[in-house]
Amino acid sequence: MKYIIRALKYFVYISLIVTVILCVLVALKLVSPDINIMFRNGWKSVGFIALMFLAVSALYPRFGYVKRGVRILGEYSQIRDGIVSYMEDHGYQLETEEGENMTFRLRNKFYRATRTWEDRVTLTREMAGFYMEGISKDVARLASGLEFKFRNPET
């Protein structure tokens, strides 16, 4: 269900961005407001564009979100504060903590909106550290940073 909701959010997000761009072009009188002139095949082209956006937004959640192992050794009580401070330094705040599992959200509302409010990063405890789940680029950046921090505690 989460996958479908993400796909629908991205479809609306992409469609909204294109609509705003087209409205700006029409307001600046760079493009005709008539759909039949704006697009070669008129409303038929709008339908094809919508289908293309639907296909892209249906595939994006598959590649845009990952679950990756993060190797952080040590007792949870010893590493917890370091993880929380690292995440806070990178713009995240602790949302929930259940046992040894933590969930973080972005503090900046603008960045949250640009990610369609899918900004949650979840750390789930496992034997060799944690599994980190979230947006691919955020997980890659945060996971490697955390591994470096706990491999080199003096930094």
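1. Some details on the pairing of strand 4 (residues 121-126)
Two strands pair when backbone bridges link them, and strand 3 (residues 101-106) and strand 4 are joined in this way by 3 bridges, in the antiparallel orientation. Pairing of threonine 103 across the sheet is with threonine 122, part of strand 4. For strand 4 and strand 5 (residues 129-135), the ladder comprises 5 bridges, and the chain directions are antiparallel. Pairing of arginine 125 across the sheet is with phenylalanine 130, part of strand 5. Two successive antiparallel strands, strand 4 and strand 5, enclose a turn made up of 2 residues.

2. Points about the pattern of salt bridges
Note on pairing: side chains with opposite charge can pair once their charged atoms come close. For the coordinates displayed, the defined rule picks out 12 salt bridges. The shortest N-O distance in the salt bridge between arginine 80 and aspartate 81 comes to 3.1 Å. Salt-bridge contacts for arginine 115 lead to aspartate 138; the nearest nitrogen and oxygen are separated by 3.3 Å. With a gap of 23 residues between them, arginine 115 in the loop between helix 5 (109-114) and strand 4 and aspartate 138 in helix 6 (residues 136-151) connect regions that are remote in the sequence. Across the pair, aspartate 138 and arginine 115 agree in class, each one buried. Overlapping salt bridges, with partners in common, bring together Glu95, Arg105, Arg112, Asp119 and Arg120 in one network.

3. Considering the packing of helix 4 (residues 76-89) against helix 6
The geometry of helix 4 relative to helix 6 is characterised by a closest axis approach of 11 Å and an angle of 135° between their N-to-C directions. As judged from the angle between their axes, helix 4 and helix 6 are oblique. The two elements helix 4 and helix 6 meet at a crossing, and its hand is right-handed. Between helix 4, through Ile79, Gly82, Ile83, Ser85, Tyr86 and Met87, and helix 6, the contact on the second element is made entirely by Arg141, Leu142, Gly145, Leu146, Lys149 and Phe150.

4. Things to note about the confidence of the model for the protein
Scored by pLDDT, the protein has a mean of 88; 97% of the residues are at 70 or more. Mean pLDDT across the elements of the protein bottoms out in helix 5 (85) and peaks in strand 3 (93).

5. Brief notes about the sheet that holds strand 3
With respect to topology, 5 strands assemble into an open sheet ordered 1-5-4-3-2, the strand pairing being antiparallel. Two strands close off the open sheet at either side, each with one partner strand: strand 1 (65-71) and strand 2 (92-98). Averaged over all neighbouring strand pairs, the angle between strand axes comes to 20°, with direction disregarded. Relative to the sheet, helix 3 (residues 43-64) contacts strand 1 and strand 5, its axis offset from that of strand 1 by approximately 5°.

Reading the values: the criteria
- Residues numbered from 1 in each chain as written.
- Predicted model: local features only at pLDDT ≥ 70, side-chain atom pairs only at ≥ 80, totals over all residues.
- Heavy atoms only, no water.
- Pairing = 2+ DSSP bridges.
- Helix = DSSP H or I, 4+ residues; strand = E, 2+ residues; numbered from the N terminus.
- Salt bridge = Lys/Arg side-chain N within 4 Å of Asp/Glu carboxyl O.
- Buried < 20%, exposed > 50% of the residue type's maximum accessible area, 1.4 Å probe, protein only.
- Axes fitted to C-alpha atoms, helices over the stretch in contact; angles between N-to-C directions.
- Parallel < 35°, antiparallel > 145°, perpendicular 65-115°, else oblique.
- Left-handed = near helix turned anticlockwise from the far one by under 90°.
- Contact = heavy atoms within 4.5 Å.
- pLDDT = per-residue confidence, 0-100.

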